[in-house]
Amino acid sequence: MAPRPRTRARGLRAGRRAAVQAALVTLLTATAVVLAERGTDVPKDKAEVLWQLGFGIFSTILTAHTIVFAVSADAESVWPSFTDVVIAIALPEWLVVGLASILVASAGDIGGDPDVINAGLALVSIQSVLGIYTLLKSLQALGGEGRRRFLANLATRDLRRAARRGNPVRLKDKHLIEDYLSGVETAIDRGDVASLSQRAAEIGLYCRADSDPRVARWRLALLTYLVERIGRAVLYDNLTGDAARVALPQLIDGTLQSSYRLAELTLPAGAASDLDSRVTEVESAVSLGQVCRVIGWLQQAAHELLQQEPGHVGARQIIASVQTGRKRIVQFVDPDPPGFFREHGDPWPAGLSDPRAVLVWLWALCEFGGSWVGSGLYILAEVLTGEKFYGNYWHGDCVITEIERRIGQHGQHPHRRRDRKTELVLRACGGLDAISLELAATVIAGLRNWRFTAPPGYEQDPAFSSDRRYLKSQLSMFSTHDCLPNAEAAFDWLARTLSDLPTEPSLWRLVQADSNRWGLTEGLDLYGPADRPAAAVLTSLIRLLTHRPAEARRLADLLPLPLLGGALQLARFALATTPSAEPVMLTWSADGHARLGPRQTQVDELIGILEAVMA
């Protein structure tokens, strides 16, 4: 997993530039010393020409600098600031040397001291070469490709500074990269799409050149934050939708590149010979999962806006941008994506390989609508067992059941993988049955309002599809796994899940621990099954209804009234097209329960909605 050649070449070029600059300073210093020691042939009566020459060269270069800054620089710019540019091109040093050369040469002309004349000649030579160097640097820093590299280096400088001061990475510490973020906020306030595109390109340009995992973590956190920040600005702050079109794809691609670089940098010491543990992927999987959550949230928020304003351009641009982004993440995470071929230098050339990393990422993928969850299950099967799943969940083939057939409930039977990673993580999650139930609850909790109507141009979009088969597939991809033998087993699972006991093994607890360890959760809070009781109830009812319909009704009769009422409301919201009453309302009061009707009426309506969906 060596860095790609382009990154290595870029690092070599940067090293050569630094060496050339050091050699130039050394050469000029040595020239000054030699001229001062050996003397010069400049006649005393010509000393006046020396300081005039120095003054003329100084004035010419200073005029050239003035023209360049007047045309290319903005004194009020916050990114880069005027100070950043001046320091980067070594302008203060040249001004000092130039002023000193004029003063010393003038002193030599006035006093006639040969040593002073020699020193003046040396300083004039130095300031001439240094002035040309600073002029070339200013032309490079203020225009074209050189400006992009210059700003990317400034962004990396801020990330390195933050990495030294802020550990672990937390968005509340984003003041450590305030210089860069102030440029982003200024571009958002001005509606400057070109600047936002440049900021997105700068933060991702050198991500594969990071040599410190702390810098890579900060870069990932910043990329994730910017996806959410720009998306929110387009949806709610009147930023033009073009900003999403030009910035979000670059930011999402940057997260892929940076997450892979982080995995490379966190290579365990001494594990290079162990192909199964060469890369620490969990931290990168948390980051990619958070990006998927942000993408899913933006997509749902855009859907809500389109219901109110079908012609909202920003919402349409958001949907187009994030759909492509989530697809790219799924393709690169997949060890062997169908119909997709990686190119040389692409991130994640072999996809994810750590079972824990895949489960953490898949849980995040299931949130906010669960787009691409089916593809995620195929990836899970390949990573856990070492072999692809060739069935079709649309036709009733169950991915989880096939995984269990290959490796057992807790991964105790090796299939194509020979390490114990799969068994360890499955036991920590409570087994495949518990995983399938928790993932299903996460998907159900994020289902959209089924009453959404497709805006013009989105009639064929699955997110707005009125085809009940699509909704059924979202549920049946998990419910076809038969793991609840009766109503009592389902009730027992609900009790343990909603109690959220710290000693109970679960996928949610694994996700929570890894997310808290690696950060990146401040933007969108994490919620487990215990925080989504209605979704958990629907999960157990649908599972029983798929295999034992009579037990599903028995479970509904066993449910406490608040759980029954909450499940009915969620079913009205996400699963029914023609509800008998409003889908969502508060039911924790006696008046609220009364609005839902008698208990038996609630049970009949709930079971009727589920049977209609799963028919």
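Residues numbered from 1 in each chain as written. Predicted model: local features only at pLDDT ≥ 70, side-chain atom pairs only at ≥ 80, totals over all residues. Heavy atoms only, no water.

A.B. asks: Help me out: how do you make sense of the overall build of the chain in this one?
C.D. replies: Scanning the chain for helices and strands turns up 25 helices and 0 strands. Expressed as a percentage of the 615 residues in the chain, the buried residues total 52%. The contacts in the chain between residues at least 6 apart in sequence include a share of 74% that link residues at least 24 apart. Roughly 26700 Å² of accessible area belongs to the chain as shown, and the carbon and sulfur atoms make up 56% of that amount. (Helix = DSSP H or I, 4+ residues; strand = E, 2+ residues; numbered from the N terminus. Buried < 20%, exposed > 50% of the residue type's maximum accessible area, 1.4 Å probe, protein only. Contact = heavy atoms within 4.5 Å. Areas by Shrake-Rupley, 256 points an atom, 1.4 Å probe, with all protein chains shown as cover.)

A.B. asks: Would you mind going over the environment of Pro92 with me for this structure?
C.D. replies: By secondary structure assignment, the location of Pro92 is in helix α4 (residues 91-111). Between the C-alpha atom of Pro92 and that of Thr134, which follows or precedes it by 42 residues, the distance is 9.8 Å.

A.B. asks: Can you walk me through the nonpolar core in this structure?
C.D. replies: Considering soluble globular proteins, one finds that nonpolar side chains tend to be buried as a cluster. Membership of the largest hydrophobic core comes to 151 residues, with the highest contact counts inside it found for Trp361 and Leu575. Considering each element in turn, this core owes the most residues, 14 residues, to helix α11 (residues 282-308). Not counting the four nearest positions on each side in its chain, Trp361 is found in contact with Ala285, Leu288, Gly289, Cys292, Ile329, Val330, Val333, Leu352, Gly376 and Ile379. Counting residues in hydrophobic clusters, the runner-up holds 16 residues, among them Val86, Trp94, Ile102 and Leu142. (Core = buried A, V, L, I, M, F, W, Y, C linked by side-chain atoms within 4.5 Å.)

A.B. asks: I keep staring at the packing of aromatic side chains and nothing clicks. Help me out?
C.D. replies: Aromatic rings considered in pairs are described by the distance between their centres and by the relative angle of their planes. Following the criterion strictly, the structure yields 6 aromatic pairs and no others. Between the aromatic rings of Phe332 and Phe340, the centroid separation amounts to 5.2 Å while the plane-to-plane angle is 85°, which identifies the pairing as edge-to-face. Judged by its relative accessible area of 1%, Phe332 is buried. Phe340 gets classed as buried once you look at its relative accessible area, which sits at 17%. With a centroid separation of 6.3 Å and an interplanar angle of 55°, the aromatic rings of Tyr378 and Tyr393 are classed as tilted. (Phe/Tyr/Trp six-rings, centres within 6.5 Å; stacked < 30°, edge-to-face > 60°.)

A.B. asks: How should I be thinking about the environment of Leu362 in this particular structure?
C.D. replies: Considering the arrangement of structural elements, one finds Leu362 in helix α13 (residues 355-365). On a C-alpha basis, the gap between Leu362 and Val286 in space is 9.8 Å, while along the polypeptide they are 76 residues apart. Filtering out sequence-adjacent residues up to four positions away, Leu362 remains in contact with Val373, Gly376, Leu377, Leu380 and Leu439.

A.B. asks: Explain the packing of helix α21 (residues 533-547) against helix α23 (residues 561-574) to me, please; I cannot follow it from the model alone.
C.D. replies: Pairs of packed helices are described in terms of their axes, by the angle between the two and the distance that separates them. Running from N to C, α21 and α23 cross one another at 85°; their axes reach a closest spacing of 8 Å. Relative to α23, the element α21 lies roughly perpendicular. Between α21 and α23, the contacting residues are Pro533, Ala534, Ala535, Val537 and Leu538 on the first element and Leu563, Gly566, Ala567, Leu570 and Ala571 on the second. The class makeup of the residues in the contact of α21 with α23 is 9 nonpolar, 1 polar and no charged. (Axes fitted to C-alpha atoms, helices over the stretch in contact; angles between N-to-C directions. Parallel < 35°, antiparallel > 145°, perpendicular 65-115°, else oblique. Nonpolar A, V, L, I, M, F, W, Y, C, P; charged D, E, K, R; others polar.)

A.B. asks: How should the confidence of the model for the chain be read in this particular structure?
C.D. replies: Confidence in the prediction for the chain averages 83 pLDDT; 84% of positions are at 70 or higher. A low-confidence stretch, residues 1-14 stays under pLDDT 50, and its non-local contacts, those more than four residues away or across chains, total 17 contacts. Contacts for the low-pLDDT stretch residues 269-279, under 50 throughout, to residues beyond four places or in other chains number 14 contacts. (pLDDT = per-residue confidence, 0-100.)

A.B. asks: Explain a nonpolar patch on the surface here, please?
C.D. replies: Among the surface-exposed residues, Ile132, Leu136 and Leu139 lie close enough to one another that they form a single nonpolar patch of about 300 Å² accessible area. Along the chain, Ile132 turns up in helix α5 (residues 114-141). (Patch = residues over 30% accessible without salt bridge, like charges linked within 9 Å, V, L, I, M, F, W, Y side chains within 5 Å. Salt bridge = Lys/Arg side-chain N within 4 Å of Asp/Glu carboxyl O.)

A.B. asks: Help me understand unusual backbone geometry, please; the structure alone is not making it clear to me.
C.D. replies: Note: most residues except glycine have negative phi, and most peptide bonds are trans. Even without being a glycine, Ala90 presents a positive backbone phi close to 60°. On the secondary structure map, Ala90 appears in the loop between α3 (82-88) and α4. The backbone phi angle of Asn238 is positive, close to 65°, even though this residue is not glycine. With respect to the helices, strands and loops of the structure, Asn238 is situated in the loop between α9 (213-236) and α10 (242-265).

A.B. asks: In this structure, what is going on with the side chain of Arg532? I would like to understand it.
C.D. replies: Along the chain, Arg532 turns up in the loop between α20 (507-518) and α21. Those residues in contact with Arg532 that lie beyond four places of it in its chain are Glu367, Thr442, Ala445 and Tyr527.

A.B. asks: Which parts of the structure should I look at to understand helix α17 (residues 432-445)?
C.D. replies: Because each turn of an α-helix spans 3.6 residues, side chains separated by three or four positions in sequence point in the same direction. Between its first and last C-alpha, α17 extends 20 Å over 14 residues, near the 20 Å set by a 1.5 Å rise per residue. α17 sits mainly inside the fold: 12 of its 14 residues count as buried. Taken together, the buried positions of α17 are Leu432, Ala434, Ile435, Ser436, Leu437, Glu438, Leu439, Ala440, Ala441, Thr442, Val443 and Ile444. (Expected span 1.5 Å × (residues − 1).)

A.B. asks: Help me out: how do you make sense of the environment of Gln569 in this one?
C.D. replies: Position of Gln569 relative to the elements: it lies in helix α23. Classification of Gln569 by relative accessible area gives buried; the value is 6%. Along the primary structure Gln569 and Ala534 are separated by 35 residues, whereas in three dimensions their C-alpha atoms are 8.2 Å apart.

A.B. asks: Which parts of the structure should I look at to understand the pattern of salt bridges?
C.D. replies: Side chains that differ in sign of charge can pair as their charged atoms come close. Summed over the entire model, instances satisfying the criterion amount to 33 salt bridges. A salt bridge links Arg157 to Asp84; its shortest N-O distance comes to 3.3 Å. Of the two residues, Arg157 is situated in helix α6 (residues 144-165) and Asp84 in helix α3; the sequence distance between them amounts to 73 residues. One salt bridge in this structure joins Arg417 and Asp419, with 2.9 Å as the shortest N-O distance. For Arg417, a relative accessible area of 14% corresponds to the buried category. By relative accessible area, Asp419 is classed as partly exposed at 21%. Here the salt bridges share partners, and the residues they tie into one network are Asp84, Arg157, Asp158, Arg161 and Asp179.

A.B. asks: I keep staring at α23 and nothing clicks. Help me out?
C.D. replies: The end-to-end C-alpha distance of α23, which contains 14 residues, comes to 20 Å, matching closely the 20 Å that a straight helix rising 1.5 Å per residue would cover. Along α23, the residues that are buried comprise Leu563, Leu564, Gly565, Gly566, Ala567, Leu568, Gln569, Leu570, Ala571, Arg572 and Ala574.

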